[in-house]
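Here is what each chain is made of, one letter per residue.
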Amino acid sequence: MEEQIKNIEEISIKEILNASNEKELNDIKVKYLGKKGELTAVLRGMKDLSKEQRPIIGGIVNKVRDNLENLISKKGKEFAELELKRKLEEEKIDVTLPSNKFIRGSKHPLNRVIEEIEDLFVSMGYDVIDGPELETDEFCFERLNLPKGHPARDMQDSFYITSEELLRTQTSAVQARVMVANQDKGPIRMICPGKTYRKEDDATHSHQFNQVEGLVIDKDITLAHLKGTLEVFMKKMLGEKTKLRFRPSYFPFTEPSYEVDVSCFKCGGSGCNLCKQTGWIELLGAGMVHPNVLKMNGYNPEEYGGFAFGTGLDRLAMFKYGITDMRYLYRNDVRFLKQFDQMDI
Ligand code: PHE
């Protein structure tokens, strides 16, 4: 029996040393040390041996077994190292090669303008408020001092969905919403940028555009606050040299009301084709909150006052970035959008 074991050892060692890959090595392991392996068979045959012989032969078999296992694991490591070397060589990465171009999106000029406005007003303590685009007649008109049948409703051609619901024609609807929602009826400072809709059918207007609304309610608010605020706003957006001009106007929810012009940023006020030779460009509607509006939305006009303003963001973006045609803003042409990447840095 001893001889048989020695034989197995000799042959298996040779085989192990000659194995040329991992699979072969595995097969050898199974062949000798597996459940049905040759060395395992010898161990099984030990039951026929005498008591004295059993531990002797058992010792020899275990030694051989250890020896073979060691050899196999050494050989296995060699294969693993070789394989790693091969892979490293084969999968070499040339880090100096030019990479695939990664195409990054660009922020839309309207979003740039909105973000800039939000940053400015948040820095002055305003909240940024969102309101529904599908609005009720009540909030879009009635609570803004525009009862049904009021002639000023004709100023804005509306898309009605039902007799009481419409696509909001102005972000001013959010003024009423904020006043109603403010439970303690304390001071308010908010802006609301958002989409608005009007049934315009001429070539220079879009049925959908963007506005930003501003509302401040507090004690002792005067026209000076409104003027100062709009001056900071417009100078930030269009440059420090920008001048403002307040023209008396009419809005049902403000009294007095103004249309606010900014000095033409193209010619600086001397007159050009952009400002139609007037030196001024109309950009905002504004005024002191009408006492009726305060009252209707839960504020006591004897105690509180306020100012409000609204402006078209599309026009503001066009002026700020020198965009000549509003339709560019809605075409999402990447070449157009890319131009603004360098502008705000
Ligand atoms: N909502 C008005 C418009 O769309 C603008 C405006 C806002 C006027 C706030 C006064 C106060 O024309």
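Just above sits the structure.
In this report, the structure presented in the accompanying data block is examined. Note that this is a predicted model, so its numbers are computed, not measured.

So, the nonpolar core
For step 1, the next point in the chain: One finds Ile117, Leu230, Phe233, Met234, Phe309 and Leu316 to be the most contacted residues of the largest nonpolar core, which totals 45 residues.
For step 2, the next point in the chain: In this view, methionine 234 contacts Gly239, Thr242, Leu244, Val262, Leu283, Leu284 and Leu316; residues no more than four positions away in its chain are not counted.
For step 3, the next point in the chain: With 25 residues, the next largest nonpolar core counts Phe139, Leu166, Met179 and Leu215 among its residues.

Comments concerning the site of the ligand
For step 1, the next point in the chain: What surrounds the ligand is a group of 15 residues, the closest being Gln170, Ser172, Arg198, Gln211 and Glu213.
For step 2, the next point in the chain: Serine 172 places a side-chain nitrogen or oxygen 2.8 Å from a nitrogen atom of the ligand.
For step 3, the next point in the chain: With respect to the ligand, the side chain of arginine 198 contributes an N or O atom lying 2.9 Å from an oxygen atom.
For step 4, the next point in the chain: Considered on its own, the ligand offers 320 Å² of accessible surface; in the complex 91% of this is hidden by protein.
For step 5, the next point in the chain: Among the secondary structure elements, those contributing two or more residues to the shell around the ligand are strand S6 (208-218), strand S9 (280-289) and strand S10 (305-312).
For step 6, the next point in the chain: For the shell around the ligand, the per-class residue count stands at five nonpolar, eight polar and two charged.

Let's talk about the sheet that holds strand S3 (residues 159-160)
For step 1, the next point in the chain: Read from one edge to the other, the open sheet built from three strands follows the order S2-S4-S3, with strand pairing classed as antiparallel. The open sheet has two free edges, formed respectively by strand S2 (134-136) and S3, since each of these has just one partner strand.
For step 2, the next point in the chain: Here S3 pairs with strand S4 (residues 165-167) via two bridges, running antiparallel. Along S4, the bridge assignment pairs phenylalanine 159 with leucine 167.

Cut-offs and rules
- Residues numbered from 1 in each chain as written.
- Predicted model: local features only at pLDDT ≥ 70, side-chain atom pairs only at ≥ 80, totals over all residues.
- Heavy atoms only, no water.
- Core = buried A, V, L, I, M, F, W, Y, C linked by side-chain atoms within 4.5 Å.
- Buried < 20%, exposed > 50% of the residue type's maximum accessible area, 1.4 Å probe, protein only.
- Contact = heavy atoms within 4.5 Å.
- Near = heavy atom within 4 Å.
- Polar contact = N/O pair within 3.5 Å; in protein donor to acceptor, adjacent residues only side chain to side chain.
- Areas by Shrake-Rupley, 256 points an atom, 1.4 Å probe, with all protein chains shown as cover.
- Helix = DSSP H or I, 4+ residues; strand = E, 2+ residues; numbered from the N terminus.
- Nonpolar A, V, L, I, M, F, W, Y, C, P; charged D, E, K, R; others polar.
- Pairing = 2+ DSSP bridges.

Fair warning: the whole summary comes from geometry, so function is off the table for now.
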